[in-house]
Amino acid sequence: MKTMVWEDGVLKILDQTKLPEKIEYIEAEDVKTVADAIKRLSVRGAPAIGAAAAYGMVIGANSIKEKDKEKFLAELEKIGYELASTRPTAVNLRWAIDRMMNKVRDGHDLDIDGIRELLLEEAHKIFCEDLEANRRMGEYGQELIPENARIITHCNAGALATAGFGTALGVIRAAHRAGKNIEVFADETRPLLQGARLTAWEMMQENIPVTLITDNMAGYLMAQGKVDMVIVGADRITANGDVANKIGTYGLAVLAQAHGLPFYVAAPTSTIDMGLASGNQIPIEERHFEEVTTVGGTRIAPPGVKVWNPAFDVTPNELVSAIITERGVVQKPYPENLRKIMNSRTTADGVCQGENPAK
Ligand code: MRU
């Protein structure tokens, strides 16, 4: 199942709010439709929203009527702000938009049509490099998974959350494809149920044994000795190795430590934000109260009840056993080792040439 498809200047976005009941694509032909799809979580997951925003910039550039290059770039910048303001926590969104803007500011003497072509090429590269990063993360990460491992994951860090293959689920997928007998426990992930709706579905599609649990069952499952490790994705990793990920991840990390289990984070280097020293600087998105007071459109709480709905939490670096990236597995001490990995060559160099990978 493709998270998004690029076809003739239109971004077709798989509407994940409808999964697993319906497979429907939103045809985004303007920036507002892309921005709304990101806000509503029709497209979600840090790398996927980065790629969608990159294509959103292409759609935006194609719609700008301005003939003067400086004014064209100023309008493009505004489009970048509009897309970046949709969700604050996942750094991949800002990263992809900055990358697109930096490309056109590179000091070349292209005309506006040339800039449009360059932007499309860059969006294709962002998509393609993510796919490649996920495959590589899978190769590195699956080595950490022993035969017969029972793994808990949280939210959806799968093909649906990326350009394809997935980060945490990519590692799990790679272990399964390597012939390892593994079992996955998917946290349902309240309030929006990405684990129940998306992770369980993705695993079942590939015949990877999966058992769905509600979030509050993880501790008891571990206490029963039925879990060997936790693997999750990330929305932003700061320079010291603190990890923002879907709300509930922190609790899982504390439980893993209490039960002596490894807690792995799988994320591409595009999720690592060396500009922030630690996790307390990460902006945490707070979402609408109705996501908590309703399930599947049915109200489950008294009208008027006060609600708090942070979409993410921060797991401190000391609870993270290792960070799996496309450039290798990063161990503690994170400040030093993350810096080293960020300064190393990008592994996708030369692999992605800018042709359409999102067909
Ligand atoms: O709110 P969501 O569904 O976008 O949150 C997604 C997550 O928290 C994922 O775990 C994270 O983005 C990593 S996806 C490879």
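Residue indices follow the written sequence of each chain, beginning from 1 at its first position. Per-residue local features of the predicted model are confined to residues with pLDDT of at least 70, and side-chain atom pairs are confined, for both listing and counting, to 80 or more; whole-chain, interface and lining totals are unaffected and use all residues. Where side-chain values are given, they derive from all heavy atoms of the structure, hydrogens and water being excluded.

**Let's talk about the overall build of the chain**
Helix and strand counts for the chain stand at 11 helices and 16 strands. Taken against the 2.2 N^0.38 rule, which gives 21 Å for 359 residues, the C-alpha radius of gyration of the chain at 20 Å falls within 12% of a compact globule. If you line up the chain on its principal axes, its C-alpha atoms span 65 × 50 × 40 Å. Scored against the burial criterion, the 359 residues of the chain give a buried share of 58%. Throughout, a contact is declared for two residues whenever any of their heavy atoms are within 4.5 Å. Counting contacts in the chain only where the partners sit at least 6 residues apart, residues at least 24 apart contribute 74% of the total. Each accessible area is a Shrake-Rupley result for a 1.4 Å probe, and residues are judged covered by the shown protein chains and nothing else. Carbon and sulfur atoms form 51% of the exposed surface of the chain, whose accessible area is close to 15,200 Å². Here a strand is any run of E in DSSP of at least two residues, a helix any run of H or I of at least four, and the numbering for each starts at the N terminus. As defined in this context, the radius of gyration uses C-alpha atoms, and a globule is described by 2.2 Å times the residue total to the power 0.38. Partly exposed residues are those whose accessible area sits between 20% and 50% of the maximum for their type, while under 20% is buried and over 50% is exposed, using a 1.4 Å probe and protein chains only.

**Remarks on the state of the cysteines**
The disulfide definition used here is simple: a pair of cysteine sulfur atoms within 2.5 Å. Summed over the entire model, instances satisfying the criterion amount to one disulfide. Linked covalently through their sulfurs, Cys128 and Cys352 form a disulfide whose S-S length is 2.0 Å. Across the disulfide from Cys128 to Cys352, rotation about the S-S bond amounts to roughly -80°, and the bridge is consequently left-handed. Of the two residues, Cys128 sits in helix α5 (residues 112-142) while Cys352 sits in the segment after α11 (334-343), which places them 224 residues apart along the sequence. The two residues Cys128 and Cys352 agree in class, both being buried.

**As for the domain arrangement of the chain**
Taken domain by domain, the chain holds domain 1 (4-134) and domain 2 (139-342). Its C-alpha centre places domain 1 at a distance of 25 Å from the equivalent point of domain 2. In total, about 2,400 Å² of surface goes out of reach between domain 1 and domain 2, with carbon and sulfur atoms giving 57% of it. Buried area counts how much accessible surface, traced with a 1.4 Å probe, disappears from two parts once they are put together, with both parts' losses summed. Considering only the surface of domain 1 that becomes buried against domain 2, Arg44, Thr89 and Asn134 emerge as the three largest contributors, covering 27% of it. What counts as a salt bridge is simple: a side-chain nitrogen of Lys or Arg found within 4 Å of a carboxyl oxygen of Asp or Glu. The interface formed by domain 1 and domain 2 contains one salt bridge. Glu285 serves as the salt-bridge partner of Arg87, at 2.9 Å between the closest nitrogen and oxygen. Broken down by element, the side of domain 1 that touches domain 2 gets its largest block of residues, five residues, from α5. Split into classes, the residues belonging to the side of domain 1 that touches domain 2 amount to 15 nonpolar, six polar and five charged. What fixes the domain bounds is an automatic or database domain assignment. The classification used treats Ala, Val, Leu, Ile, Met, Phe, Trp, Tyr, Cys and Pro as nonpolar, Asp, Glu, Lys and Arg as charged, and all other residues, Gly among them, as polar.

**A look at the pattern of salt bridges**
Scanning the model with the defined rule gives 20 salt bridges in all. The salt bridge partner of Arg116 is Asp113, with a shortest N-O separation of 2.9 Å. Here Arg116 and its partner Asp113 are both found in helix α5, three residues apart, which amounts to about one turn of the helix. Accessibility expressed as a relative area gives 18% for Arg116, which makes it buried. Ionic pairing is found between Glu202 and Arg173, a salt bridge with its closest N-O pair at 2.9 Å. In this pair, Glu202 is assigned in helix α7 (residues 194-205) and Arg173 in helix α6 (residues 168-177), connecting sequence segments 29 residues apart. For Arg173, a relative accessible area of 6% puts it in the buried group. One network of salt bridges, with partners in common, ties together Arg87, Glu285, Arg287 and Glu291.

**Notes on the side chain of Asn134**
By the element assignment, Asn134 lies in helix α5. For Asn134, the residues in contact, after removing those within four places along its chain, are Thr162, Ala163, Gly164, Phe165, Gly166 and Thr167.

**Some remarks on the packing of aromatic side chains**
Describing an aromatic ring pair means giving the distance of the ring centres and the angle of the ring planes. Stacked, edge-to-face and tilted are the three classes for Phe, Tyr and Trp ring pairs, Trp counted by its six-membered ring, which pair at centre distances within 6.5 Å; planes under 30 degrees apart are stacked, over 60 edge-to-face, the rest tilted. Under the criterion given, the structure shown has two aromatic pairs. These aromatic residues form a ring-pair network of at least three members: Trp6, Tyr55 and Phe127. Note on criteria: charge over ring means Lys NZ or Arg CZ within 6 Å of the ring centre, with the direction from the centre no more than 35 degrees off the ring normal. Its guanidinium or amino end placed over the ring of Phe312, Lys246 lies 4.3 Å from that ring's centre, counting from NZ or CZ.

**What about unusual backbone geometry?**
Most peptide bonds are trans, and most residues other than glycine sit at a negative phi. Here Leu19 and Pro20 are connected by a cis peptide whose omega angle stands at 0°. In this structure, Pro20 sits in the loop between β2 (10-14) and β3 (25-28). A cis amide bond links Lys332 with the next residue in sequence, Pro333, at an omega value of 0°. Of note, Asp8 is a non-glycine position whose phi angle comes to about 50°, a positive value.

**With respect to the environment of Val254**
By the secondary structure assignment, Val254 is in helix α9 (residues 249-258). Taking relative accessible area as the criterion, Val254 reaches 35% and is therefore assigned partly exposed. Put simply, Val254 and Asn148 are 106 residues apart on the chain and 23 Å apart in space, counted from C-alpha to C-alpha.

**Brief notes about the site of the ligand**
Any residue with at least one heavy atom within 4 Å of a molecule or strand is counted as near it. Neighbouring the ligand are 18 residues; Arg44, Arg87, Asp235, Asn245 and Lys246 lie closest to it. In the analysis that follows, any N or O atom pair within 3.5 Å is treated as a polar contact, provided that within protein one partner can donate a hydrogen and the other can accept it, and provided that, for residues neighboring in sequence, both atoms belong to side chains. In this structure, an oxygen atom belonging to the ligand sits 2.9 Å away from a main-chain N or O atom of Ala46. At 2.6 Å, a side-chain N or O of Asn245 approaches an oxygen atom of the ligand. The fraction of the free accessible surface of the ligand (420 Å²) that becomes covered by protein chains is 100%. Broken down by class, the residue content of the shell around the ligand amounts to eight nonpolar, six polar and four charged. Lining the shell around the ligand are residues from two domains, each supplying at least three of them: domain 1 (4-134) and domain 2 (139-342).

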